[in-house]
Amino acid sequence: MSTPFTGPAITLTDDLAAATDALVVGVYSAAGDGASITLDGGVPEAARGPVAEALALLGAEGKAGEAVRIATPAGSGLGATTVLGVGLGAEESVTPEAVRRAAGVAARALEGVAAAATTLSSIDLAAAVEGAILGAYRFAEFRTTSAPKKATLGALALLSAPASEALAEEVRGTVEQARLTAGAVALARDFVNTPPNVLSPGEFADRAQRLGTDAGLEVEVFDEEYLDANGYGGIVGVGKGSSRPPRLVRLRHVSGVDGAKHVALVGKGITFDTGGISIKPAAGMEQMTSDMGGAAAVIATVILAAQLGLPVDVTATVPMAENMPSHTAQRPGDVLTQYPGAGKGGITVEVINTDAEGRLILADAMVRACEDEPDYLIDTATLTGAQMVALGTRTPGVMGTDDFRDRVAELSRSVGENGWAMPFPEELRADINSRVADLANVSPNRWGGMLTAGVYLKEFVADGVQWAHIDVAGPAFNTGGPFGYITKGGTGVPVRTMLAVLRDIAQRG
């Protein structure tokens, strides 16, 4: 296992006259035709005019995603050799997400630069840190002759001039929390980007155990013999076709706070998905290395909860399996029994399509999670292609109990991960009735596939538990070019959504 990505070294500065290779400044788009661009408020007054003029001469307009680099104008008083202007859009509508994206753009534009400073931190400190680290992210563990020619940005100084030691301590705390948050997202990306021949269910479980133990979590790993003996029919059934057997990992953060709320997290951990006997088309199948993106995010989130010392109890229940076709694989038409735990367990399921395997392993894990009697349950998965049909590749679909679903979706949007609340039309439930068992794992109706998968999972949520299901089939893996702070490959979505929810529960209950 490679060393986790940490990003550029982060320091604080109040001296923009100090020598450095580059200075990152935010550029606001012009308010009207013929108007000049303006710079963020962290740029010294004496430098604002010369820098803005030089950037404008090279075509800077302040649009989101824009990056324009100039030689530092003489007499500006800045110590940087160059200035990089990054677009923020209109000043009156700039959000933390706009800062996060601009910081990510800057980090990519400064590849190979040893040291830089930024004024974006004067707009939003945490967003500037998160964006810079995640924009600089790269996964190079398996590169040899094609290793990147340029190093990532080496060090970044954040403009900060707190007026007192108490404020300085608050700033340092904000930076550290943002650094840990970005590190958790990077960890989830690392898991997703690790090739499936390396990240088997067993190896995934071993890595989760090592990282969880290092973070002070309580960790349990259950092997295939335990799962079979204890009736985890969904996990065992999906894993039957592979020579690399399934696992179930449980990681628990105990806050030690009296009366703390208990949140259960469940993530789909299919380390590779061929579709099983209902095999997928060859084109694009290599992207199914990302089918454990939900599990990656859940593991990273519970570790982050421990690192931040969140005053909420968190238990992650993570099923891991490889979905392969072989003479031992489950068949379409087979009937399995989901985990017979307390509450809604022991349901029999007719497997109509072996490529609808994610809901089978999630159902087992959700029933087990509900045995702990949590106040809230969040599951997340790269579950359905229908999510991308309905919402595209950057918008997670959020389903569940109405109030909690809406709360999760709103918090997701507040951190820039764009979750969108989706309904459970009552007529979809009849579509998963089986001819021979309690349920079928897919509907004969091709419409509303994302919602039908959610309706299936709803059958396994214990009464009284507030529940949200986050489908990240598209958002967890970027198949296109980088944008903002999102790099190609694993994105780490929805780590920051789940963190925001945990913080909100800790604060509001």
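Residues numbered from 1 in each chain as written. Predicted model: local features only at pLDDT ≥ 70, side-chain atom pairs only at ≥ 80, totals over all residues. Heavy atoms only, no water.

Help me out: how do you make sense of helix α9 (residues 358-370) in this one?
An α-helix turns once every 3.6 residues. As a result, residues three or four positions apart point the same way. Over its 13 residues, α9 extends 18 Å from the first C-alpha to the last, a length consistent with the 18 Å expected when each residue adds 1.5 Å. Taking burial as the measure, the 13 residues of α9 include 13 buried ones, the bulk of the element. (Helix = DSSP H or I, 4+ residues; strand = E, 2+ residues; numbered from the N terminus. Expected span 1.5 Å × (residues − 1). Buried < 20%, exposed > 50% of the residue type's maximum accessible area, 1.4 Å probe, protein only.)

Explain the sheet that holds strand β13 (residues 335-337) here, please?
Through backbone hydrogen bonds, the strands of a sheet pair up, either in parallel or in antiparallel fashion. What the 3 strands build is an open sheet, ordered β13-β14-β18; its pairing is mixed. Looking along the sheet, the strands with just one partner apiece sit at the ends: β13 and β18 (439-440). Sheet topology note: the strand β14 (residues 348-350)/β18 ladder contains 2 bridges and is parallel. Each bridged residue has a counterpart across the sheet, and for Glu350 the counterpart in β18 is Ala440. (Pairing = 2+ DSSP bridges.)

Any chance you could explain the side chain of Arg405 here in plain terms?
Following the sequence through the fold, Arg405 ends up in helix α11 (residues 402-414). Its relative accessible area of 13% is what places Arg405 among the buried residues. With near-sequence residues (within four places) excluded, Arg405 lies in contact with Val398, Met399, Gly400, Ala421, Met422, Pro423 and Trp467. (Contact = heavy atoms within 4.5 Å.)

Looking at this structure, how should I read the UniProt feature "domain: Cytosol aminopeptidase" (unreviewed entry) in the chain?
Annotation from UniProt places "domain: Cytosol aminopeptidase" (unreviewed entry) at residues 353-360. From the first C-alpha to the last, residues 353-360 spans 11 Å; its make-up is 38% helix and 0% strand. (UniProt positions renumbered as here; feature names shortened; annotations may be inferred.)

Teacher, can you tell me more about the packing of helix α2 (residues 96-109) against helix α3 (residues 125-136) here?
What describes two packed helices is the angle between their axes and the distance between those same axes. Put simply, α2 and α3 touch, their axes get as near as 7 Å, and they point 40 degrees apart. Crossing handedness for the pair α2 and α3: right-handed. On α3, the residues touching Pro96, Val99, Arg100, Ala103, Gly104, Ala107 and Arg108 of α2 are Ala127, Ala128, Glu130, Gly131, Ala132, Gly135 and Ala136. In terms of residue class, the contact of α2 with α3 is built from 8 nonpolar, 3 polar and 3 charged. (Axes fitted to C-alpha atoms, helices over the stretch in contact; angles between N-to-C directions. Left-handed = near helix turned anticlockwise from the far one by under 90°. Nonpolar A, V, L, I, M, F, W, Y, C, P; charged D, E, K, R; others polar.)

How should I be thinking about the domain arrangement of the chain in this particular structure?
When the domains of the chain are assigned, the result is domain 1 (9-159) and domain 2 (183-508). The centre of domain 1, based on its C-alpha atoms, is set 37 Å off from the matching centre of domain 2. Taken together, the 13 residues of domain 1 in the interface contact 18 residues of domain 2. For the interface between domain 1 and domain 2, the tally reads 0 salt bridges. Where domain 1 meets domain 2, there are 6 residue pairs in polar contact (both at pLDDT 80 or more). When residues of the side of domain 1 that touches domain 2 are traced back to their parent elements, those giving at least two are α2 and α3. For the side of domain 1 that touches domain 2, the element with the highest residue contribution is α2, accounting for 6 residues. (Domains from an automatic or database assignment. Salt bridge = Lys/Arg side-chain N within 4 Å of Asp/Glu carboxyl O. Polar contact = N/O pair within 3.5 Å; in protein donor to acceptor, adjacent residues only side chain to side chain.)

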